[in-house]
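The chain contents come next:
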Amino acid sequence: MPKIELHAPQLGYRDEHKVVLRDADLTLTGGNVYALVGSNGAGKSTLLKTLIGVLQPLTGTVCVTVPDSQRPAFGQIGFCPQFPLVDWYTRVYDNVRLGPLLAGQSWKTSRQNVARSLRLLGIEKLQKAAMDHISGGQQQRVQLARELAKRPEIYLLDEPTTGLDVETIERLFTYLQQQAQAGALVLIASHDLTSVEAYANQLIFLDQGVVQYQGSVAGFVQNDLIEPSVHVTICGNSQQLADLNKFLSRTVTADGSFRIPQRQLEQVLSFLTKHQLRIVKLEAIHPSLRTRYLQLKRGEATHES
Ligand SMILES: Nc1ncnc2c1ncn2[C@@H]1O[C@H](COP(=O)(O)OP(=O)(O)OP(=O)(O)O)[C@@H](O)[C@H]1O
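Not measured: the values here are computed from a predicted model.

Draft legend 1. Molecular detail of the overall build of the protein. A count of helical and extended segments in the protein gives 11 helices and 12 strands. Taken along its principal axes, the extent of the C-alpha atoms in the protein is 75 × 45 × 35 Å. Counting over 305 residues, the protein shows a buried share of 48%. For the protein, the proportion of contacts with a sequence separation of at least 24, taken over those separated by at least 6, is 71%. Split by element, the accessible area of the protein, about 15400 Å² in all, is 51% carbon and sulfur. Treating the 31 positive side-chain charges of the protein as one cloud and the 28 negative ones as another, the clouds have centres 5 Å apart.

Draft legend 2. Summary view of the site of the ligand. Around the ligand, a shell composed of 14 residues is seen, among which Gly-41, Lys-44, Ser-45, Thr-46 and His-191 lie nearest. Note that a nitrogen atom of the ligand is positioned 3.2 Å from one of the side-chain N or O atoms of Tyr-13. Separating an oxygen atom of the ligand from a backbone N or O atom of Gly-43 is a distance of 2.9 Å. Across the complex, the protein chains shield 68% of the 630 Å² of accessible surface that the ligand would expose by itself. Where the shell around the ligand is concerned, the elements lending two or more residues are strand E2 (18-29) and helix H1 (44-52). By residue number, the principal contributor to the shell around the ligand is H1, which donates three residues. Considered class by class, the residues forming the shell around the ligand number three nonpolar, eight polar and three charged.

Draft legend 3. Spotlight on the nonpolar core. Of all hydrophobic cores here, the largest spans 45 residues; its most connected members are Val-92, Ile-123, Tyr-155, Phe-173, Leu-176 and Leu-203. With six residues, the single largest contributor to this core is helix H6 (residues 166-181). One finds Leu-21, Leu-26, Leu-51 and Leu-185 within the second-largest nonpolar core, a separate group that totals 25 residues.

Draft legend 4. Structural context of a nonpolar patch on the surface. A cluster of nonpolar side chains, Phe-74, Leu-98 and Leu-102, forms an exposed patch at the surface whose accessible area comes to about 270 Å². Within the secondary structure, Leu-98 is located in helix H3 (residues 92-102).

Draft legend 5. Up close: the sheet that holds strand E12 (residues 278-285). Pairing in this open sheet of three strands is antiparallel, and the strands run E11-E10-E12 from one edge to the other. Whereas interior strands pair on both sides, the edge strands pair on one side only; in this sheet they are strand E11 (257-261) and E12. Strand after strand, the sheet turns through a mean of 25 degrees between neighbouring axes, direction not considered. Sheet topology note: the strand E10 (residues 229-235)/E11 ladder contains five bridges and is antiparallel. Bridging from a neighbouring strand, Val-232 pairs with Phe-258 of E11. Its contacts with the sheet put helix H10 (residues 265-274) on E10, E11 and E12, and the angle it makes with E11 is roughly 140 degrees.

The rules behind the values
- Residues numbered from 1 in each chain as written.
- Predicted model: local features only at pLDDT ≥ 70, side-chain atom pairs only at ≥ 80, totals over all residues.
- Heavy atoms only, no water.
- Helix = DSSP H or I, 4+ residues; strand = E, 2+ residues; numbered from the N terminus.
- Buried < 20%, exposed > 50% of the residue type's maximum accessible area, 1.4 Å probe, protein only.
- Contact = heavy atoms within 4.5 Å.
- Areas by Shrake-Rupley, 256 points an atom, 1.4 Å probe, with all protein chains shown as cover.
- Lys, Arg positive; Asp, Glu negative; His and termini not counted.
- Charge placed at Lys NZ, Arg CZ, Asp CG, Glu CD.
- Near = heavy atom within 4 Å.
- Polar contact = N/O pair within 3.5 Å; in protein donor to acceptor, adjacent residues only side chain to side chain.
- Nonpolar A, V, L, I, M, F, W, Y, C, P; charged D, E, K, R; others polar.
- Core = buried A, V, L, I, M, F, W, Y, C linked by side-chain atoms within 4.5 Å.
- Patch = residues over 30% accessible without salt bridge, like charges linked within 9 Å, V, L, I, M, F, W, Y side chains within 5 Å.
- Salt bridge = Lys/Arg side-chain N within 4 Å of Asp/Glu carboxyl O.
- Pairing = 2+ DSSP bridges.
- Axes fitted to C-alpha atoms, helices over the stretch in contact; angles between N-to-C directions.

Any link to function would need more than the numbers given here.
Printed below as a string of structure tokens:
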């Protein structure tokens, strides 16, 4: 399986004497989809550029291991920078074909892979279009199609969802997840926390110049700061609802719904039983990656809302 090991006391830009990340120790392995998250300027692109070798760590080392070391390095890693890096003087098809051909694929294999990735990204009909005659989202699709057509073992994608419509994001992420299940290493830098939560199993969170968290997405979300809550829907007359409002010190909506911290559930259930209010629905609310992320950024502890 592919593997990337980074041990870097300092990452950043040598010419500008700028340190962006400190004490970055990461081991990434195939079979996983990693989400790389953090605020603007946190260092996501800098980290990606270091992993791919565009930037050298200021101090430390980065080591990339792939199972098929006979392939050219260009073919082993699919890299999409934040802003489409394409050949503006050729057409869509030639842009996409460039990826697998430079990756060392045969004429026939590259043609098959190009056809497959054009289909996946939904740009078959744009094959003959000039790059500057298509939209920003379509340019992004071309760049992604080129990298996917290489069939790499490692995918390093910087904001791949930028400009993409929802259905294309769904197809792309499903494909990447399947590639990871087949052994590929996928790393996606993104602000689209809802999409990455649905597909990534691992998370790397950058904040204040360091890797604040590396581990499972579930481990990041489940923590003591987020108090689990419960959504309750009841059936009762207006007097019963008024009594309940008073008891809860909050407003029950017109359809009889309200949300409470899980620790209050027992107390509320005994009130409902005593006042003969019937429970129509009782649902546990699971915290989301987005909620947990915002909590950490705000440095607060609140209920899931
Ligand atoms: N070529 C460069 N030379 C010097 N500093 C740079 C360079 N590129 C980026 N930086 C700085 O490095 C820091 C991290 O930038 P980076 O692009 O890695 O952040 P990011 O997390 O990818 O942000 P965003 O979410 O906005 O894409 C920022 O302070 C940025 O100004």
